[in-house]
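# A structural walkthrough
What follows is each chain in one-letter form.
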Amino acid sequence: VDVDQNAKEKSATSSKILNAPSKPSPKKPNQQQEEKQTPKEEQTPFVWSDYDNASQLESLGIDRLKSILFGMGVKCGGSLQERANRLFSLKGLKREDYPQKVRGKNFVV
């Protein structure tokens, strides 16, 4: 009789567990990183010779201009036009010849 009683209690306990509202399982650190990393569009390399003026650079868009400017170590804020003008002003200059006023905090000669 004791065996039947234990079996009934275990069965009742397991059904309570199965019917309990499910809690979201804690995420593993790798899962959190994977969710944060959204696939970005592949960007084509920036080629100076493709652009003859600042207005053509505007076609790249504000975010692409920011990434190019940041990668060059120069200030990357401002409007679309300001960023395009800043980038175009550097065309043909060596890195060490960039004007002081456009160098960003991350600029290294």
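Everything numeric here is computed off the predicted structure, so don't read it as measured data. (Residues numbered from 1 in each chain as written. Predicted model: local features only at pLDDT ≥ 70, side-chain atom pairs only at ≥ 80, totals over all residues. Heavy atoms only, no water.)

### Brief notes about the side chain of arginine 103
In this fold, arginine 103 is placed in the segment after helix H5 (80–89). For the buried arginine 103, no salt bridge exists, and the shortest N-O distance to an oppositely charged side chain is 6.6 Å, to aspartate 97. Among the polar contacts made by the side chain of arginine 103, one reaches the main-chain carbonyl oxygen of tyrosine 98 at a distance of 3.0 Å. (Helix = DSSP H or I, 4+ residues; strand = E, 2+ residues; numbered from the N terminus. Buried < 20%, exposed > 50% of the residue type's maximum accessible area, 1.4 Å probe, protein only. Lys, Arg positive; Asp, Glu negative; His and termini not counted. Salt bridge = Lys/Arg side-chain N within 4 Å of Asp/Glu carboxyl O. Polar contact = N/O pair within 3.5 Å; in protein donor to acceptor, adjacent residues only side chain to side chain.)

### Quick word on the nonpolar core
Residues Leu57, Met72, Val74, Leu87, Leu90 and Tyr98 are the most contacted members of the largest nonpolar core, which totals 15 residues. Those elements giving two or more residues to this core turn out to be helix H3 (54–57), helix H4 (62–72) and H5. Sorting elements by how many residues they give to this core places H4 first, with four residues. Once residues lying within four places of it in the same chain are set aside, the contact partners of methionine 72 are Trp48, Leu87, Leu90, Arg95, Tyr98 and Phe107. (Core = buried A, V, L, I, M, F, W, Y, C linked by side-chain atoms within 4.5 Å. Contact = heavy atoms within 4.5 Å.)

### Some points on H4
By the burial criterion, the buried members of H4 are Arg64, Leu65, Ile68, Leu69 and Met72. Buried residues of H4 fall within an arc of 130 degrees about the axis and therefore sit on the same side. Exposed and facing more than 90 degrees away from the buried side of H4 are Asp63, Phe70 and Gly71. On the buried face of H4, the contacting elements are H3 and H5. Of the residues one or two after H4, glycine 73 is the one with positive phi, at around 85 degrees. (Arc of directions from axis to C-beta.)

### Quick look at the environment of arginine 95
Counting through the fold element by element, arginine 95 comes out in the segment after H5. Here the alpha-carbon distance between arginine 95 and methionine 72, two residues 23 residues apart in the chain, equals 8.3 Å. The residues contacting arginine 95, other than those within four sequence positions of it, are Met72, Gly73, Arg103, Phe107, Val108 and Val109. At 2.6 Å, the side chain of arginine 95 forms a polar contact with the backbone oxygen of methionine 72.

### Some thoughts on the environment of serine 67
Within the fold, serine 67 resides in helix H4. Among the polar contacts made by the side chain of serine 67, one reaches the main-chain carbonyl oxygen of arginine 64 at a distance of 2.8 Å.

### Thoughts on the packing of aromatic side chains
Inspection of the entire model under this criterion finds three aromatic pairs. Ring centres 5.5 Å apart and planes at 15 degrees place the aromatic pair phenylalanine 46 and tyrosine 51 in the stacked group. Overall, the relative accessible area of 23% leaves phenylalanine 46 in the partly exposed class. Between tyrosine 98 and phenylalanine 107 the ring centres are 5.9 Å apart and the planes differ by 50 degrees, which places this aromatic pair in the tilted class. Since its relative accessible area comes to 14%, phenylalanine 107 is described here as buried. One aromatic cluster in this structure is built from Phe46, Trp48 and Tyr51. (Phe/Tyr/Trp six-rings, centres within 6.5 Å; stacked < 30°, edge-to-face > 60°.)

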